[in-house]
Amino acid sequence: MSTSIRFKARTRALVRRWSGAPLTWLIVGGFVLMAATAIGTALTVDRFRRSAIESGRASLESTVRLLARHFDREFADFSVLQKSIIVELESHDIDSPDTFRSEMATLAMHEVLRAKASGWSDIAGANVFDSNGVLINSSKRWPVADIKISDRGYFNRLKNDPASQEEVEVVPGRFGSGQAIVFARRISGPRGEFLGVVSRAITPDLLEEFFASIGLSGESSIAMHHQNGQLLARVPHVEAMIGQNFHRGSAEQMAVFDRTFVTTQLASPVDGKDRLVASQMLTDEPLVVVATRTLDATLVTWRTQTKFFVTVAVVSICLLVLTLYLIFRQMTRRLSIEKQRLDTAMNTMTQGLLMFDQDERLIVCNRRYIEMYGLSADVVKPGAYFRDVIKHRHDTGSFSGDVDSYCDGILGTVGRLQSSVVETRDGRLIEIRNQPSASGGWLATHEDVTERVRADERIAHMAHYDALTDLPNRVLMRGHLERRVAELAEGKPFAILYIDVDEFKGVNDSLGHEIGDELLRQVANRLRSCVGPHDLVARLGGDEFAVIKADTGDRAELMVLADQILKTLRASVYCKGQEISIDASIGIAIAPEHGDNLEELLKCADLAMYAAKSDGRRTFRFFAAEYDAKVRQRRQLGFDLRQALANSEFEVHYQPLVDLAANVVTGCEALLRWHHPERGMVSPAEFIPLAEETGLIGEIGEWVLKQACTEAANWPGQIRVAVNVSPVQFRSKTLALNVAAALNESGLAPGRLELEVTETVLIRDDEEALTILQQLRELGVRIALDDFGTGYSSLSYLHRFPFDKIKIDRSFISDIGEPEDSSPIVQAVVHMAAARHMATTAEGVETEAQREILRRLGCSQMQGYLFSPAIPASRLKRLLSAQQASAA
Ligand code: C2E
Ligand code: MG
Ligand code: MG
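Residues numbered from 1 in each chain as written. Chains lettered and ligands numbered in written order. Predicted model: local features only at pLDDT ≥ 70, side-chain atom pairs only at ≥ 80, totals over all residues. Heavy atoms only, no water.

Per an unreviewed UniProt entry, the recorded name for the chain is EAL domain-containing protein, and the organism is Bradyrhizobium vignae.

Here we take up the overall build of the chain. A tally of helices and strands in the chain yields 30 helices and 32 strands. Whereas a compact globule of 888 residues would reach a radius of gyration of roughly 29 Å, the chain reaches 72 Å, over 25% beyond that. The C-alpha extent of the chain, read off along each of the three principal axes, is 220 × 70 × 55 Å. Each of the 888 residues in the chain was classed as buried or not, and the buried ones make up 45%. For the chain, restricting intrachain contacts to residue pairs at least 6 apart in sequence, the fraction spanning at least 24 positions comes to 58%. Of the roughly 43,800 Å² of accessible surface on the chain, 53% is carried by carbon and sulfur atoms. Positive and negative side-chain charges of the chain, numbering 101 and 116 respectively, have mean locations separated by a distance of 6 Å. (Helix = DSSP H or I, 4+ residues; strand = E, 2+ residues; numbered from the N terminus. Rg over C-alpha atoms; globule rule 2.2 N^0.38 Å. Buried < 20%, exposed > 50% of the residue type's maximum accessible area, 1.4 Å probe, protein only. Contact = heavy atoms within 4.5 Å. Areas by Shrake-Rupley, 256 points an atom, 1.4 Å probe, with all protein chains shown as cover. Lys, Arg positive; Asp, Glu negative; His and termini not counted. Charge placed at Lys NZ, Arg CZ, Asp CG, Glu CD.)

According to the stated counting rule, one finds 18 aromatic pairs in the structure shown. Both rings, one in Y654 and one in W715, keep their centres 5.2 Å apart while their planes meet at 90°; by these two values the pair is edge-to-face. Of this pair, Y654 sits in strand β23 (residues 650-659) while W715 sits in the loop between α21 (697-713) and β26 (720-724); the two residues are 61 residues apart in sequence, bridging distant segments of the chain. Here Y654 matches W715 in class, with each residue buried. (Phe/Tyr/Trp six-rings, centres within 6.5 Å; stacked < 30°, edge-to-face > 60°.)

Turning to helix α4 (residues 107-116), its buried residues are M109, H110 and L113. Here the buried residues of α4 occupy an arc of 105° about the axis, which is enough to place them on one side. Exposed and oriented more than 90 degrees from the buried face of α4 are A108 and A115. (Arc of directions from axis to C-beta.)

If you trace the backbone, E843 turns up in the loop between β30 (839-842) and α29 (848-857). Since its relative accessible area comes to 9%, E843 is described here as buried. In contact with E843, not counting residues within four places along its chain, are D786, D787, K807, I808, D809, R810, I813 and Q863.

Attention now goes to the nonpolar core. Formed by 77 residues in total, the largest nonpolar core has its most connected members in Y654, V721, F730, L753, L776 and F803. Of all the elements, α21 adds the most residues to this core, at 7 residues. Setting aside anything within four residues of it in sequence, one finds F730 in contact with V725, L735, V757, V761, A769, I772, L773 and L776. With 35 residues, the next largest nonpolar core counts L561, I565, V573 and I580 among its residues. (Core = buried A, V, L, I, M, F, W, Y, C linked by side-chain atoms within 4.5 Å.)

For the magnesium ion (ligand 2), every protein donor is listed as E669 (OE), N724 (OD1), E756 (OE) and D786 (OD), and the spread of their distances is 2.0 to 2.4 Å. Linear spacing of the donor residues for the magnesium ion (ligand 2) on their chain is E-x54-N-x31-E-x29-D. Separating the magnesium ion (ligand 2) and the magnesium ion (ligand 3) is a distance of 3.8 Å, and D786 donates to both of them. Separated by 32 residues along the polypeptide, N724 in strand β26 and E756 in strand β27 (residues 753-757) bring together distant segments of the chain. N724 gets classed as partly exposed once you look at its relative accessible area, which sits at 29%. E756 gets classed as buried once you look at its relative accessible area, which sits at 1%. (Donors = N, O, S within 2.8 Å, 3.2 Å for Na, K, Ca; no water.)

Read from one edge of the open sheet, 5 strands run β7-β6-β10-β9-β8, paired in antiparallel fashion. One side of each edge strand has no neighbouring strand; the edge strands of this open sheet are β7 (231-235) and β8 (261-267). The average angle at which neighbouring strand axes cross in this sheet is 20°, direction not considered. Sheet analysis places β8 next to strand β9 (residues 274-281), joined by 7 bridges and oriented antiparallel. The residue bridging Q265 from the neighbouring strand is L276, located in β9. With respect to the sheet, helix α6 (residues 204-213) is in contact with β6 (220-226) and β7, its orientation differing from that of β7 by roughly 35°. (Pairing = 2+ DSSP bridges. Axes fitted to C-alpha atoms, helices over the stretch in contact; angles between N-to-C directions.)

Around ligand 1, the structure places 20 residues, and the nearest of them are Q655, E669, R673, E846 and Y865. In the environment of ligand 1, an oxygen atom lies 2.9 Å from a nitrogen or oxygen atom belonging to the side chain of N724. Here a nitrogen atom of ligand 1 sits 3.2 Å away from a polar atom, N or O, in the side chain of R810. In the complex, the protein chains occlude 84% of the 790 Å² of accessible area that ligand 1 would expose alone. (Near = heavy atom within 4 Å. Polar contact = N/O pair within 3.5 Å; in protein donor to acceptor, adjacent residues only side chain to side chain.)

Before going further, it helps to spend a moment on the packing of helix α18 (residues 598-614) against helix α19 (residues 625-644). For the pair α18 and α19, the least separation of the axes is 9 Å and the interaxial angle reads 80°. Overall, the two elements α18 and α19 adopt an arrangement that is roughly perpendicular. When α18 is examined against α19, the residues K603, L607, A608 and A611 are found in contact with a partner set consisting of Y627, D628 and V631. In terms of residue class, the contact of α18 with α19 is built from 5 nonpolar, no polar and 2 charged. (Parallel < 35°, antiparallel > 145°, perpendicular 65-115°, else oblique. Nonpolar A, V, L, I, M, F, W, Y, C, P; charged D, E, K, R; others polar.)

With that settled, consider the UniProt feature "transmembrane region" (unreviewed entry) in the chain. UniProt marks residues 21-43 and 308-328 with the feature "transmembrane region" (unreviewed entry), using the numbering shown here. End-to-end, the C-alpha atoms of residues 308-328 are 29 Å apart, and along that stretch the chain is 100% helix and 0% strand. (UniProt positions renumbered as here; feature names shortened; annotations may be inferred.)

On the surface, a nonpolar cluster with roughly 450 Å² of combined accessible area is contributed by V315, L319, L322, Y325 and L326. Its place among the elements puts L326 in helix α9 (residues 300-348). (Patch = residues over 30% accessible without salt bridge, like charges linked within 9 Å, V, L, I, M, F, W, Y side chains within 5 Å. Salt bridge = Lys/Arg side-chain N within 4 Å of Asp/Glu carboxyl O.)

Here it is, written out as structure tokens:
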């Protein structure tokens, strides 16, 4: 394909594609401009041509008018003269040709003639001929030459036709060489009889000389004709033409001699050239003045102008074409780059794209669409009808509906934005969006939204369901509750059961999260098994669950449900080979009995659950108004606790630790006491957890530590002081520093300070805790493991950190001495401690029997009301002094 054909094809394609776009307007505008330039130039040239011809004509016209006037005057003078000669001749009483001849052929008459014609420029002057045409007198010569004119036409016409008074004719001259224009007048007798002729003759040269003096340009001519068409004289002179008759040929040519005044254009009979012609007849003579100019000469200036105009126009058009070409090339380049980009963009799109025109024909289709439905590019291509595309999809299996009704549906809504998601046979979800286009068609995008929709569904599910148990979460539960609350108006009661798995934290921390998670899943399944289809089980987070029991406010019914839940949960759970027994605390709020608004009901259920917990767990409680008061009280206590340190409301009491073998006090445990200004003595079991919750324990613990060290520094001998350290203090990381400071300030020997920690310290963050314990050990202080046996895996801690002492929890001591008591456990602990060189302290020894058994079991120390409860420092001092005294 040649470049130009390719270019044309490309141009056509682009113009088609971008029709209505600037490119079309550019091309149309360019052509209009070129046409306008060409037409304008042609019109101007034509107008200039006409005006050149017009002015040529006008100039010829004025020339002939001037000449006619000139000759009219000149010939008028001449005829006056001629007439006066005739009058002169006729006045001689001549009545016959003979007398005329005799009268005329005299010298005297010659003199008269000579005088009259003295100013004439004629060749032969005035001549008189008798009735036979013989020259009888002349103004020029006397005697006259022998000349006869009886053969001349003009003579015979004057002689024979009385009506003919004057004749003009060109004849071969008889007075000299060349032609002569003869003007002849008849001389009549008194009765009109022909006497003779008086004539004069001018040579054409004379006229031509005059014409030449006007100074016409080369291509012009001036001629004098006889009215009958005979050429008398002409400039430029053409000898052969003089005397020729031109009264012939075209109508225009004839008109020159037939009409008084003519301007016309005709092919010259002289030289065949096209000429502008102006002619004017003389008033008194049968003569016509004719001026001509060749069209060529007339149009010389016009031609120069035309050349100039045409050149300018051609140059303008060329420049225009060049400009258009450059713009066009620039635009086609840009368009083709844009098209390339568009193609690239379209074909890398993740969406299938189709564009239809208003006739439902495909304009654009990208590769993705073809691939998406496995179609044939030979069918789905620009120009294909929408219906055919859908039919092809139907035939190839990616469309299963009715082609016609689908197409009618789409075509009926072309003007509106439309979006729908359809599912393909292979289960993919395709979002189809039809968007109206400006041209009356529409743009369709097909996007595979399977992943997105599934992800959305997953996200929506995740937003409303707990990932671990797949139970509805708090958000979904709230939505559910909102609907239930709204239904209260219809008289439909319901209940919220808040379920907290007791001591789940311990399981999780001690057995690991995997088992903890599995436990929660099993709890979820068990809860599901306890409720009906209209009830909802939700996980609120951690070990907290909720059951929304629909359509009941009946306590008896709810009690049955709560019992059933507790029973179901209590059944042993097997998680990854571990048998775990769990229990729960349940709080129940009934709507509308306990409230008719969501927040209120949730709070009630929560309070009831805490009440169940504080009432020893493993049970359920219905909400009661006093729970609310308890919470408020607790909050108040929190505020008061903040003030307690500043108001010196704290006091440290000391409970002696007695050596079982020697029965002497070897140490004392510092136990904090709070004298509340209104409530009196508040138990540490109540305010220590509060202080831990609020973070005040750090400050309080530091105070107790200092107080105890200072106090112990004054005690006698080797009596140690034991100080309780909360796990929260452990986490503050300044514990070792505080201990060192307290020892330093009090001057107490580090070996006399014993720190009591519970296993929770180790559960949280083993490595960190072990590091801190190590630091404390390096200070020289002793570490005791408090409340041993209450946790889950106390034994495992004994392997990990070499405690100095184990304090066996009161719960193992209280039943000692009874049948099936805990003494084997105590025994085991004592053995294990002994093996590791650890001391053992039995907590809460209240009876002599207990003491006895413990002593036998090999326990090294006891603490309990049997010997002494915790007492103020002053009393302890007295006790220690007494002991010292008795020892001494
Ligand atoms: P704990 O460390 O196990 O302290 C022993 C608790 O048992 C004390 O209760 C004590 O008065 C009580 N007790 C001692 N002998 C007997 C007995 O024979 N029978 C009965 N039933 N109880 C006996 P208390 O003083 O009410 O302290 C409770 C807990 O509060 C302590 O348990 C300790 O964990 C904590 N605590 C007390 N003072 C402090 C303190 O200054 N700092 C920290 N972090 N915790 C403290
Ligand atoms: Mg203790
Ligand atoms: Mg204890």
